[in-house]
Structures are given as C-alpha cells and as structure tokens.
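# Inside the fold
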Amino acid sequence: MTGTAAPPDVDPATLAVSTRGLRKTYRTRHGRQVAVQGLDLDVPIGGVHGFLGPNGSGKTTSIRMLLGLIRADSGTMSIFGHEVPEQLPTVIDRIGAIVEQPKFFPNFSARKNLDLLAGGIGAPSTAVGKVLDDVGLSDRAKDRYRTYSLGMKQRLAIAATLLKDPDLLIFDEPTNGLDPAGIREIRTTMRGLAERGKTVLVSSHILAEVEQVADTVSIIGHGRLLASGSVAEIIGGGAHAATTVRVGVADLATATRVLTEAGLSVRADGEILVVDGAADPADITRRLAHHELYVNELVPVRAGLESVFLSLTAGEGPGTHLPLGESPGSPKQGSPKHGGPEAGAL
Amino acid sequence: MRLLRVEVDRFTSRRLARFAVLGALAIVAIAILGMWQTAKPLPESQVAMMRADFEIAVQEWEENGDEIIATCEADEAVAQKDDPSIDFGCEMQEPVWENWTWEEPTFAEESPNILPVLAVPLAFVSFLVGVSFLAAEFTTGSMGNWLTFEPRRTRVYFSKVAAAAVATVPVALVVLAVAIGGAWVAYTANDHVGTMTTDRWGEVAVSGVRVLLLMVGFAALGAALGALVRHTAAVMGIVLGYAVVVEGMLGSLVEALQPYLLRLNMMAVASGEATYGTEECRMVDGAQVCEWVQQSVSLTHGAVTMGAVLVVGVVLGWVTFRRRDVV
C-alpha cells in the first residue's frame with residue numbers, strides 16, 4: 001500500500017485515522033464474502049468519533065486491518081499520517097485498542113496480565129498500579145482475570161490501553177454485555193479521554209450510546225461508508241433538515257386538506273397532525289392561518305441519529321436496532337440515499 | 001531481549017508449566033522406583049529357589065552332559081557346511097551359577113543409561129508445554145491483544161519460541177539432576193553404587209546434555225507447532241496420529257523408513273546410538289532364509305534428523321504466523 005490515504009481536500013495532518021478504498025474478503029464455503037468494500041474513513045484528531053454500522057457491516061474487520069491483525073486485500077490506511085500496516089511499529093505506541101471483548105490470560109491476575117504488557121513495551125512498573133487505580137481495579141488487582149465480571153474485564157482492557165498513554169484509543173463495541181451502570185462508566189471514560197486531548201474511535205451498533213458521546217460519526221453498511229460528519233450534521237443535514245413537524249389544530253380535516261394541497265405529507269396521530277416535508281415550520285402556521293386555522297401546538301421533530309442510521313442501513317444486518325413497527329425495507333422519507341459518501345458526507 | 005524476558009516470565013507463570021514440572025518429576029520418581037527395585041537384593045527365598053533349580057541342572061549335566069555336547073557339536077558341524085562361521089557355543093553349556101542367579105546392577109554400570117531412558121517422556125512433556133504456550137494465546141485471544149502492543153510478528157514469534165526453549169533449560173536441569181541424584185540414592189540404599197570414575201561421571205554428564213538438548217528442542221518445536229496449528233488438542237491429535245500411522249504402522253511396513261523415525265533418532269541423540277533390526281533374506285538351496293540383522297542410527301544421524309525437524313517446524317510456524325490473520 002503506497003501513496004497518501006487522504007484525498008486532496010482533507011489535510012492529512014488533521015486526521016488520526018484515514019482509509020481509502022479499503023477492501024477485505026473472506027473465503028467461505030459459499031465462495032468469497034466481502035466484509036469491507038472500498039471503505040473511505042476519516043477520523044479527525046481529537047474528540048470521540050463513532051464508527052457505526054449494523055452487525056456484520058465491517059466495523060471490526062476494518063479495525064483489525066488498521067491494527068495489522070488481518071491483511072487488507074487492497075486499499076490504503078494511515079494512522080497519524082503513518083501508512084499502516086507497514087509503519088505500524090512506528091505508531092503503535094500512540095494507539096491503544098480493545099478489539100471486541102477484552103482478551104487476557106484467564107488464570108493470571110489483572111496485575112500479572114498488565115505487568116506482562118507493560119514489560120513488553122518497556123513501561124515503568126509504576127504505570128501498572130496507576131492505570132489500575134485509574135479504572136478502579138486496584139482492590140481486585142491480585143484476583144484472577146477469569147473471576148472478573150464483564151464490566152471489570154472491560155475496565156481492565158481500558159487500563160491496558162492506557163499503559164501506553166496513547167493518543168488514539170480504539171474501542172470496538174465497548175459496551176457489549178454491560179449493565180447500564182457499566183455503559184455509563186465506559187461513556188464517561190471515553191468522554192474524559194477526549195477531554196484530555198485523546199482521539200477516541202468507538203465502534204458500535206448501539207446508536208443511543210454513540211449519540212451521547214460522539215463528536216463525529218461515520219456510518220457504514222455492507223463494508224462501505226454511508227455517511228460521515230459531525231453528529232449535528234448527520235442528524236440535521238441533508239433531507240433531514242426540515243423533516244417532521246407535529247401540529248396541533250382544532251380542525252384536523254381542513255388542516256390536512258390545506259397542507260396536502262401545499263404539497264406536504266400529512267398523517268394524523270391522534271389529535272395531532274404529523275407533517276413531513278416542510279422546509280420551515282413557519283410555512284405551516286402561515287398556510288393554516290391563511291385559512292383561519294390556528295395552531296395550538298407546533299413541535300419540530302428533530303431526527304435522532306438512530307433514525308438516520310436506520311434509514312441509511314435499512315436491511316443491512318441483524319444488528320440494526322429497529323424501533324417496533326418499522327420495516328428495514330422502507331427508509332424514512334427524506335433520509336439520505338444509500339450507497340455512498342455523498343449521502344451526508346462532510 | 002525485552003520481549004524474551006517478558007515471554008519467559010509468562011512461560012514460567014503458567015499453571016500448565018508448573019504442572020508439567022510436577023509431571024516430569026513424577027516420571028522421574030517412577031523411574032527411580034524402578035531402579036530401586038532393580039538394585040534391591042533378592043530375597044532369601046528366591047535365592048534358595050534359584051539354588052535348587054541350579055542344582056537340578058548340574059545334576060542333569062553330570063548325567064547327560066557328554067551326550068548333550070556331542071549332539072550339539074554334530075548339529076553345529078551340519079550347520080557349518082552352509083556357513084562355516086556358525087558357532088553353537090557347545091562348550092558353554094555346562095551350568096554355571098552366574099547364569100542361574102541375578103546379579104543386581106550397580107549405579108556405575110547403569111548411570112550412562114539412566115537419563116536416555118527418560119528422554120522420550122521428558123521430551124514429550126516439554127513439547128506439550130511448548131505447544132500449549134503458543135496455542136493458548138490464540139484460544140484465549142490474547143495474541144491479538146499482544147499484537148496491538150508489539151505488531152512486529154517476527155519478533156513476537158521468535159521471542160515466544162525462544163522463551164519456550166530458554167525457560168525449559170533450568171527446569172530440565174533440575175529434573176535431570178533429580179533423576180541422577182534419585183538413582184544414586186536408590187542404588188546407594190541397596191549398596192550397589194559400584195565404582196564411579198571421572199570418566200563415568202563424564203558419560204553421565206554428556207548423556208544429560210543430550211537429553212537436555214532434546215527437551216529444549218522439543219519445547220521450541222512445540223511452540224512452533226502451537227503457532228502453526230493454534231490449538232493444543234489439534235496438535236496432540238496430529239502427534240498421536242503420526243505416532244500410530246508413521247512411527248507404528250508405516251515404520252514396521254517400510255523398513256527403509258526406520259532410520260528416519262523420530263523415536264529412533266531421539267534415542268540416537270539421547271544414547272549416542274540407537275539400534276533397530278531389519279530382516280534380510282536370501283535363497284539357500286532353493287529355500288528362502290531370512291535373518292534378523294541389527295542396524296544402528298548414529299548420534300550424528302540422529303542429531304541432523306532432529307535438527308532438521310526442528311528447523312522445518314520453526315520455519316513453518318514463522319511463515320504461518322507472519323501471514324495468517326489473527327482474529
């Protein structure tokens with residue numbers, strides 16, 4: 001893999017991670033299965049970057065390729081401007097990663113596991129005590145890893161990543177299997193790291209998680225980038241900018257007729273009208289007032305990251321968390337189109 | 001060196017490594033028990049029984065000895081027509097007490113053979129620990145974790161293989177020292193030490209070094225195969241299959257394979273030479289006559305064969321480890 005991974009319009013110096021045309025296929029009984037196909041991913045330096053996609057969309061495979069654990073078939077990758085995997089040894093000290101579940105030696109204590117890792121990178125022995133303190137595991141440091149709860153294992157994995165005091169932390173589905181307290185703890189940790197100037201790349205298929213913690217996100221499906229940008233841009237950008245408004249009005253039938261004639265999509269939800277397609281909520285009040293219909297409630301419904309994600313990745317995989325009653329085959333009106341970085345891309 | 005130090009630390013911290021030391025010591029203890037039994041003087045009742053048998057044989061010899069010798073010599077003369085070198089040893093047939101009793105061996109006589117006898121089981125234990133050392137990293141997933149700290153796979157691989165070898169050295173030294181020390185105690189307790197000369201101790205030391213090298217080599221080979229196959233049970237299955245099919249069935253069917261069988265070459269390294277038999281047949285007066293001919297595998301042959309196996313295993317493990325995805 002040669003050449004710069006960043007396109008001309010992106011300053012590579014501002015990127016922690018960049019991939020271009022990243023592709024990986026696996027040989028299976030049924031032929032070759034494409035896990036990642038032409039992934040273009042940019043993760044800016046600093047902040048938390050959510051790496052979203054349904055299960056099987058290629059998130060973990062992409063992370064493994066970045067870390068040199070598996071080989072890419074084609075494409076380029078760079079971390080802090082260093083091409084990987086070729087220059088991974090140069091930059092590895094700046095990366096801390098947890099890929100899928102934490103993996104340590106089950107019969108060794110937490111301290112022993114960290115001592116070995118610290119020894120491997122030449123970290124001072126005091127570093128182990130410090131990171132164990134940081135994640136609140138000092139009291140259980142002598143216990144065998146296999147006796148740990150999932151949350152403790154996750155915290156130990158975070159402690160391991162902190163041994164290097166890395167600039168980039170990669171967390172792959174870090175909240176899988178955690179209880180709500182554990183999830184909040186991980187979220188707080190990620191935010192705290194970002195506030196200390198670190199770059200956190202967190203992959204997840206749990207949208208609410210990422211929405212609360214991420215500054216920027218990339219959404220992938222079928223191994224391709226579907227959308228990328230700040231959370232605000234992804235949620236509020238493109239066709240989502242003026243999507244839905246809930247309107248309370250006394251004469252629902254007349255209001256429905258007026259708004260429909262104005263080219264808006266209208267449906268009733270109890271005593272409320274749900275209006276899609278208005279560029280500006282003020283247009284709705286103006287049109288209704290023109291027919292002497294006065295609104296008693298007007299609530300623009302802000303699209304959530306989940307709805308954007310669902311519309312982008314509809315039908316992509318079993319991990320797509322669909323709200324009850326919604327079909328993966330019917331993207332919401334006004335959602336960005338499938339299939340390319342142009343949909344909501346920066 | 002830093003990686004090697006860490007890997008040696010990990011190797012010696014593993015429970016299986018500790019169990020393996022206990023297992024090796026158990027093997028040694030069983031061997032020492034066997035030596036003690038061998039060195040133990042025969043009970044009086046058994047000696048009396050032997051004496052009675054001997055006296056019966058002497059009496060029979062006195063009555064029929066001349067006839068037995070004559071018959072023997074006549075048979076020998078007939079056989080020598082085909083092969084003049086044949087010697088039936090007719091003059092040796094008079095019963096002598098030494099042939100009817102059991103003379104307990106001394107430590108001095110047995111000492112050069114003590115460690116070579118233990119070579120195969122001890123090498124197997126070392127191999128098992130080596131396999132598990134690498135394979136466990138894949139089964140627990142910690143190899144992926146480690147590679148996020150040290151992505152240079154060649155360094156990682158060789159530090160692990162070298163650690164398996166290096167960490168085996170002190171363990172092997174202790175186990176072999178216990179074996180020799182225990183044997184000495186077993187023979188001393190039965191007053192059968194004999195005269196241990198400096199040369200004899202030298203032979204013991206040399207056999208110890210050879211068995212040590214086998215243990216170290218097999219630990220490294222095990223680690224390499226652990227990286228290659230990534231599962232301890234799978235490697236053990238392959239080893240068992242090899243032992244049954246190649247060392248057992250093919251080895252007995254195809255005599256030309258014999259000098260290349262691992263067990264024989266291991267014994268050649270451990271003992272300085274190993275022997276095996278081949279059947280050589282020829283036609284004599286229209287009839288096929290076969291005889292069992294003893295062949296030997298030299299120390300050099302054994303060392304080269306075992307060295308080649310080690311190199312091939314380590315290189316295969318390295319190439320695979322460098323290229324295969326770690327998931």
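Rules behind the numbers
Residues numbered from 1 in each chain as written. Chains lettered and ligands numbered in written order. Predicted model: local features only at pLDDT ≥ 70, side-chain atom pairs only at ≥ 80, totals over all residues. Helix = DSSP H or I, 4+ residues; strand = E, 2+ residues; numbered from the N terminus. Rg over C-alpha atoms; globule rule 2.2 N^0.38 Å. Buried ≥ 20, exposed ≤ 12 C-beta atoms within 10 Å, placed from the backbone. Contact = placed C-beta atoms within 7 Å. pLDDT = per-residue confidence, 0-100. Pairing = 2+ DSSP bridges. Expected span 1.5 Å × (residues − 1). Axes fitted to C-alpha atoms, helices over the stretch in contact; angles between N-to-C directions. Parallel < 35°, antiparallel > 145°, perpendicular 65-115°, else oblique. Left-handed = near helix turned anticlockwise from the far one by under 90°. Nonpolar A, V, L, I, M, F, W, Y, C, P; charged D, E, K, R; others polar.

### A closer look at the overall build of chain B
If you tally the helices and strands in chain B, you get 10 helices and two strands. Each helix and strand of chain B, placed in order from N terminus to C terminus, yields the pattern α-α-α-α-α-α-α-α-α-β-β-α. For chain B, the C-alpha radius of gyration of 26 Å lies well beyond 20 Å, the compact-globule estimate for 327 residues. C-alpha extents for chain B along the principal axes are approximately 90 × 55 × 35 Å. For chain B, with 327 residues in total, the buried portion stands at 34%. Look at the contacts in chain B between residues 6 or more apart in sequence, and 82% of them connect residues 24 or more apart.

### As for the overall build of chain A
Secondary structure summary: chain A contains 11 helices and 14 strands in total. Within chain A, the fraction of its 346 residues that count as buried is 47%. Taking the intrachain contacts of chain A between residues at least 6 apart in sequence as the baseline, contacts between residues at least 24 apart amount to 69%.

### Overview of the confidence of the model for chain B
When the pLDDT values of chain B are averaged, the result is 91; 100% of them are 70 or greater. On the interface metric, ipTM, the complex scores 0.75, and its pTM is 0.79.

### Digging into the confidence of the model for chain A
Low pLDDT means the predicted coordinates in that region are not meant to be read closely. This prediction gives chain A a mean pLDDT of 81; 83% of its residues lie at or above 70. Confidence drops under pLDDT 50 across residues 1-8 of chain A; counting only partners more than four residues distant or on other chains, this segment forms 16 contacts.

### Some details on the environment of G89 of chain B
Residue and element names in this part refer to chain B. Structurally, the position occupied by G89 is in the loop between α3 (44-82) and α4 (107-140). Residue G89 is classed as exposed on the basis of its 8 C-beta neighbours within 10 Å. Along the backbone, G89 and L262 are 173 residues apart, and their C-alpha atoms lie at a distance of 37 Å.

### Considering the sheet that holds strand β4 (residues 74-79) of chain A
All names here are of chain A. Taken in spatial order, the four strands make up an open sheet running β2-β1-β4-β5, and their pairing is antiparallel. One side of each edge strand has no neighbouring strand; the edge strands of this open sheet are β2 (31-44) and β5 (82-83). Across five bridges, the pairing between strand β1 (residues 15-28) and β4 is antiparallel. Looking at the pairing, R20 lines up with T76 of β4.

### Observations concerning helix α3 (residues 110-121) of chain A
Its 12 residues place the ends of α3 of chain A 17 Å apart at the C-alpha level, agreeing with the 16 Å of an ideal helix rising 1.5 Å per residue. Taking burial as the measure, the 12 residues of α3 of chain A include 10 buried ones, the bulk of the element. Along α3 of chain A, the residues that are buried comprise A110, R111, K112, N113, L114, D115, L116, L117, A118 and G120 of chain A. Turning to α3 of chain A, the residues buried within the fold contact α4 (125-134) and α5 (150-162) of chain A together with α1 (2-13) of chain B.

### Describing the packing of helix α2 (residues 15-39) of chain B against helix α6 (residues 153-189) of chain B
All names here are of chain B. Two elements in contact, α2 and α6, have axes whose closest approach is 9 Å; the angle formed by their N-to-C orientations is 20°. With respect to their mutual orientation, α2 and α6 come out roughly parallel. Seen from above, α2 lies across α6 with right-handed handedness. Only V171, V175, V178, A179, G182, A183, A186, Y187 and A189 of α6 make contact with α2, whose side of the interface consists of V21, A24, L25, V28, A31, I32, M35, W36 and A39. Grouping the constituent residues of the contact of α2 with α6 by class yields 17 nonpolar, one polar and no charged.

### A word on the interface of chain B and chain A
Each partner contributes residues to the interface: chain B has 22 residues there, and chain A has 24 residues. For the side of chain B that touches chain A, the secondary-structure elements that each account for two or more residues are α1 and α5 (142-147) of chain B. In terms of residue count, α1 of chain B provides more of the side of chain B that touches chain A than any other element does, seven residues in total. Split into classes, the residues belonging to the side of chain B that touches chain A amount to seven nonpolar, seven polar and eight charged.

### Things to note about the environment of I92 of chain A
All names here are of chain A. You can see I92 is positioned in the loop between α2 (88-91) and β6 (95-98). Taking the C-beta count within 10 Å as the criterion, I92 has 25 such neighbours and is therefore assigned buried. Between the C-alpha atom of I92 and that of G38, which follows or precedes it by 54 residues, the distance is 24 Å.

### Some thoughts on unusual backbone geometry
That bond from V84 of chain A to P85 of chain A is cis: its omega, 15°, falls within 30 degrees of zero. Of note, P85 of chain A is situated in the loop between β5 and α2. Phi angles above zero are rare outside glycine, and E173 of chain A is one such case at about 45°. Among the secondary structure elements, E173 of chain A is positioned in the loop between β7 (168-172) and α6 (180-195). In this model, D191 of chain B sits at a positive phi of 55°, which is unusual for a non-glycine residue.

### Description of the pairing of strand β3 (residues 47-52) of chain A
Residues and elements named next belong to chain A. Most of β3 is tucked away: six of the six residues are buried. Alternating positions in β3 separate into two faces, G47, H49 and F51 on one and V48, G50 and L52 on the other, with burial throughout. Of the pairings in the sheet, the one linking β3 to strand β8 (residues 199-204) comprises six bridges and is parallel in character. By the bridge assignment for β8, F51 is matched with S203.

### Describing helix α1 (residues 59-66) of chain A
Residues and elements named next belong to chain A. For α1, the buried fraction is high: eight of the eight residues fall into the buried class. For α1, the full list of buried residues reads K59, T60, T61, S62, I63, R64, M65 and L66. G68, located one to two residues past α1, shows a positive phi value of around 75°.

### Some words on the sheet that holds strand β9 (residues 216-221) of chain A
All names here are of chain A. Reading across from one edge, β6-β7-β8-β3-β9-β10 is the order of the six strands in this open sheet, with mixed pairing throughout. With one partner strand each, in any of the chains shown, β6 and β10 (224-230) form the two edges of the open sheet. Here the strands of the sheet are splayed against their neighbours by 15° on average, with no regard to which way each runs. Judged from the five bridges that link them, β7 and β8 form a sheet pairing that is parallel. Looking at β8, one finds that L169 is bridged to V200.

### So, the packing of α1 of chain B against α6 of chain B
When two helices pack together, their arrangement is captured by the angle between the axes and the distance separating the axes. All names here are of chain B. Close contact between α1 and α6 brings their axes to 8 Å; oriented N to C, the two are set at 50°. Relative to α6, α1 is oriented oblique. Once α1 is placed against α6, the crossing between them reads as right-handed. Taking contact as the criterion, the partners of L3, L4, E7, V8, F11 and T12 in α1 are, on α6, R155, V156, S159, K160, A162, A163, A164, V166 and A167. Residue composition of the contact of α1 with α6, grouped by class: 10 nonpolar, two polar and three charged.

### Comments concerning the pairing of strand β11 (residues 244-249) of chain A
Look at any regular strand and the pattern is simple: side chains alternate between the two faces of the sheet. Residue and element names in this part refer to chain A. Pairing analysis gives five bridges linking β11 to strand β13 (residues 272-276), with the strands arranged antiparallel. The partner of T244 across the bridge, within β13, is D276. As judged from the six bridges shared by β11 and strand β14 (residues 295-301), these two strands associate in the antiparallel manner. Each bridged residue has a counterpart across the sheet, and for V245 the counterpart in β14 is P300.

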